[in-house]
Amino acid sequence: MLTQTLQQLYKRDLEKLKSEIYSYTKEENLWRIDGEIVNSGGNLCLHLIGNLNAFIGAQIGKTGYVRDRTFEFSGKGVSREDLLRKIENTIDVVLQSLEKVDEELLASEYPIKVFKEKMTYEFFLLHLSAHLSYHLGQVNYHRRLLDN
């Protein structure tokens, strides 16, 4: 079933995000920007946490999560330990929320209009997985470029 595959992908990529955040040699470099690199690894991490908690946790899991998208890109100085804890909590939320997903829900319309057109839960959950992978790559590149 697609739900099990999604659980595996989200868990794999969120564990990799933890590894990336942990791998910064200097904690302050999580928040470094330089030239055209305007999103720090820390802000990308906050963005992914907010995105998944809002669109999967709050919508599917009914967690009550309230997103602060502005802070995701403007917040600074969140400790590495807090980021790692937030990622771990996000893993739990995503996996538990996806337990509630069945074929009927996957085929139904996602209730929030995120793009210009309507979409199914299936489409959006696949999109969110790709979004996670995209930004995970950016965090990796940010770490390798600016953690010196």
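For the structure itself, consult the block above.
Now for a quick tour of the structure. Since the structure is predicted, the reported quantities are computational estimates derived from the model, not experimental observations. (Residues numbered from 1 in each chain as written. Predicted model: local features only at pLDDT ≥ 70, side-chain atom pairs only at ≥ 80, totals over all residues. Heavy atoms only, no water.)

In a regular helix each residue adds 1.5 Å, so 19 residues correspond to 27 Å; helix α4 (residues 80-98) covers 27 Å between its end C-alpha atoms and thus fits that length. Every buried residue of α4 is listed here: Arg-80, Leu-83, Leu-84, Ile-87, Thr-90, Ile-91, Val-93, Val-94, Ser-97 and Leu-98. Summarising the contacts, the buried residues of α4 are in contact with α1 (2-23), α2 (41-58) and α6 (121-146). (Helix = DSSP H or I, 4+ residues; strand = E, 2+ residues; numbered from the N terminus. Expected span 1.5 Å × (residues − 1). Buried < 20%, exposed > 50% of the residue type's maximum accessible area, 1.4 Å probe, protein only. Contact = heavy atoms within 4.5 Å.)

On to α1. With 22 residues, α1 should reach 32 Å at 1.5 Å per residue; the first-to-last C-alpha distance of 31 Å fits that figure. Those residues of α1 not exposed but buried are Thr-3, Leu-6, Gln-7, Tyr-10, Asp-13, Leu-14, Leu-17, Glu-20 and Ile-21. On an axial view of α1, the arc spanned by its buried residues comes to 155 degrees, and they lie on one face. Of the exposed residues in α1, those oriented more than 90 degrees away from the buried face are Gln-4, Gln-8 and Tyr-22. Here the buried face of α1 lies against α2, α4, α5 (103-107) and α6. (Arc of directions from axis to C-beta.)

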